[in-house]
Amino acid sequence: MRDFTLGRRALLRAAGVVAAGAAVGVTRSAPAVAATRPDTGVSLYAFPLTAVSLLPGPFRDNMTRTLAYFDFVNADRLLHTFRTNAGIASSAQPCGGWESPDTELRGHSTGHLMSGLAQAYANTGTASYRTKGDYIVNALAACQAASPSRGYHAGYLSAFPENFFDRLESGQSVWAPYYTIHKIMAGLLDQYLLAGNGQALTVLTNMAAWVKTRTDPLSTTQMQNALRTEFGGMPEVLTNLYQVTGDASHLATAQRFDHAQILDPLAADSDQLSGFHANTQIPKILGAIREYHATGTSRYRDIARNFWDIVTAHHTYVIGGNSNGEYFKAPDRISTELSDSTCEVCNTYNMLKLTRQLFFTDPSRTDYMDYYERALFNQILGEQDPNSSHGFVTYYTPLRAGGIKTYSNDYDDFTCDHGTGMESQTKFADSIYFSSGETLYVNLFIASTLTWPGRGITVRQDTTFPAASTSKITITGTGHIALKIRVPSWTTGMTVKVNGTTQSVTAQPGSYLTIDRTWASGDVVDLTVPAALTFPRANDNAGIGAAQYGAIVLAGEYGSTDLGGNLPTLQTASLTPDPANALHFTGAASTGAVSLIPFYKMHHQRYTVYWKLTGGGQPGTSYEAEASGNTLAGQAAARGSAGASGGALVGYVGGGAGNYLQFNNVLASAAGARQVTVYYASGENRSTTVSANGGTAVSVSTPSTGGWDTIGSVTVSLQLNAGTNTIRFGNPSGWAPDFDRILVS
């Protein structure tokens, strides 16, 4: 389902669906929106999918394969169980997998398909996607109309009998009936909003009325007991329907799905997630942030924000995914939770939806988009099999050493991840750019073109990122734009040129730089976003971690060799880039020579993402931060740490120019550039300035290591003199991380 934020331009955006259709010779009906309620508490807005098109690159390649599946898939096969459930004859061959006639979750994939088709139509203007969506909606309307003849309540629509809900309400075992209802409702809403199908809104509001009829008689205790069974994003879709129609009954019904067992601890910022099914909980939090946008009740916002902070800091693997065996584990358990069933992709699909809503709410939290990039490039882009013409996708993302990805198929899979894959792979265009008035946010380096509705301005981004750390933005049209370009937390020394002239802008890692001007047609912005190797560590074991180049997680190629879960030891200093293949490295491991490639490109062979890490005999001299010869100025102070190499870290560095750590006796045999590896710990994304011998300080990003005693590293090049040198760390505007040591090589 498309997550969205309704603002003052929502009606214009709906009309934009019609306008875009006319531009490609497609007739689109405007949604008959009864009322549109602007969201509360947001200051940033997405562009409609009609406004952004993907240019050639890996994202468009993935989308193209999924579109081929949409062209191929037989809607009647998916509609078969709906029709038989409603007493309508069907001669179609039933589907297999989770859509088989005896699977209790049957029907959910039709909802995902409706969402995917609506997104595909909005983004490409191809009429066949709307035609197929219209066919499905019309068939579902017929099933809904026939349902009372089967003894079902008015408005009921599903591929299984209504007595599934009798079982739910009486405490009997049943898979997740409201989960399927949510997927159908979400697909109908997307058909209405993105494809202009008015009939979809009618069917949807009938379903919402049925949900109200079904839940109103339940006491609070009965309802809370029912909510122990997975119910998908019911509060989200009902709140979205309220925002679209203005009918307060939909909000009231949405709030019946507020699950106190999960929401109450999160409101208190308490992590009690261990032991809960991960993807059951994330949609509940999506409901909370949408309820905040509908009501302005800050408790809902706090729940969503606290959940995101807890999950990303304490339950998230390096690729951006979470869960092992589909469940949250104890906080910070990473290295002990590596298996073939890590990182269910549905979780990340929903985390990205939540991240985007939180960024609309608080654009100052640039770590939201850092996470978005990490999860999008490393897991979502890599979930699809590039050898599959129909874009088959993974369910889990194995992180066991020696794991291998497995994929869906045409008709005998239809897991939840098959469904979310149909959506994820057709909405890549939805978060590249955001806006607020005349301010344009460039969030992601993805080749694309934005046609800014109502402004006569086109913004084209040409990039092969991440293969190259550059991007070119070309403006066509004239007008004022405060252009805000994301400076990732992982980069150092990002540069910006406008029409060939270097700009004097602050490119602080983990922020947005701003170029505010009236642009002329043909103006060009050239970006250089330097990347470097880093080795983020597992929260629970500083000796275990991954290799990463910029935002891109690297994985070791092991072909047909099953490592059996035994982590190889990687000599980090041995990694050498392959000059003929971008983002490819070779190195030495305990298993022998090894090649590392981007994890999103890892398919059809076994691999490892996590390693035991060692410097591998890296030449150089190590200097402990807490050593007596150093200067700990201002508040800077040593503290004990079990994760630190010398048993202590130096913290409270930065937060102003007076608090710094200076290494006073750094030796170099000759003058010249030297590689300085900085070992640090930080529970959040931070940065530090570093200078040698009183020279110009450069800013270095220090991404979160997952914990305040978990050690990570970054490397910076400094010009040293022959003999004794000083190296100073600080941060004039914010706190630096806690420092363990430096290694000068």
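Quick caveat, the model's predicted, so the values are computed rather than measured.

Novice: Describe the overall build of the chain, listing the residues and the values that go with them.
Specialist: Along the chain, the regular secondary structure elements total 17 helices and 33 strands. For a compact globule of 745 residues, the expected C-alpha radius of gyration is about 27 Å, and the chain comes in at 26 Å, within 12% of that figure. Dimensions of the chain along its principal axes, counting C-alpha atoms only, are 90 × 60 × 50 Å. With 745 residues in all, the chain has 61% of them scored as buried. Long-range pairs, those at least 24 residues apart, make up 74% of the contacts in the chain with a sequence separation of at least 6. Surface exposure of the chain reaches about 24,500 Å², of which carbon and sulfur atoms provide 50%. One finds the centroid of the 50 positive side-chain charges in the chain at a distance of 4 Å from the centroid of its 56 negative side-chain charges.

Novice: Quick one: what's the story with helix H16 (residues 367-380), residue by residue and with numbers?
Specialist: For an α-helix the count is 3.6 residues per turn, leaving residues at separations of three or four pointing the same way. Relative to the 20 Å expected for 14 residues at 1.5 Å per residue, H16 spans 18 Å between its end C-alpha atoms, a close match to the ideal helical length. Burial runs high along H16: 12 of the 14 residues are buried.

Novice: Which residues make up the sheet that holds strand S27 (residues 661-668), and what values go with them?
Specialist: A sheet is described by the order of its strands in space; here 5 strands give the open sequence S24-S27-S32-S29-S30, paired in antiparallel fashion. Only two strands of the sheet have a single partner each, and these edge strands are strand S24 (631-632) and strand S30 (698-702). Here 4 bridges tie strand S29 (residues 686-692) to strand S32 (residues 723-730), and the two strands are oriented antiparallel to one another. Note on S32: the bridge partner recorded for serine 691 is arginine 728.

Novice: So what's going on with the packing of aromatic side chains? Which residues, and what values?
Specialist: In this structure the tally under the stated criterion is 37 aromatic pairs. Ring geometry for tryptophan 98 against tryptophan 175: centres 5.0 Å apart, planes inclined by 65°, an arrangement best described as edge-to-face. A residue pair is termed long-range when its members are at least 10 positions apart, and tryptophan 98 in the loop between helix H3 (75-85) and helix H4 (108-124) and tryptophan 175 in the loop between helix H6 (163-169) and helix H7 (177-195) qualify at 77 residues. The lysine or arginine in question, arginine 77, covers the ring of tyrosine 411, its NZ or CZ lying 3.8 Å from the ring centre. When the ring centre of tyrosine 679 is taken as origin, the NZ or CZ atom of arginine 741, which lies over that ring, is 3.9 Å away.

Analysis parameters
Residues numbered from 1 in each chain as written. Predicted model: local features only at pLDDT ≥ 70, side-chain atom pairs only at ≥ 80, totals over all residues. Heavy atoms only, no water. Helix = DSSP H or I, 4+ residues; strand = E, 2+ residues; numbered from the N terminus. Rg over C-alpha atoms; globule rule 2.2 N^0.38 Å. Buried < 20%, exposed > 50% of the residue type's maximum accessible area, 1.4 Å probe, protein only. Contact = heavy atoms within 4.5 Å. Areas by Shrake-Rupley, 256 points an atom, 1.4 Å probe, with all protein chains shown as cover. Lys, Arg positive; Asp, Glu negative; His and termini not counted. Charge placed at Lys NZ, Arg CZ, Asp CG, Glu CD. Expected span 1.5 Å × (residues − 1). Pairing = 2+ DSSP bridges. Phe/Tyr/Trp six-rings, centres within 6.5 Å; stacked < 30°, edge-to-face > 60°. Lys NZ or Arg CZ within 6 Å of the ring centre and 35° of its normal.

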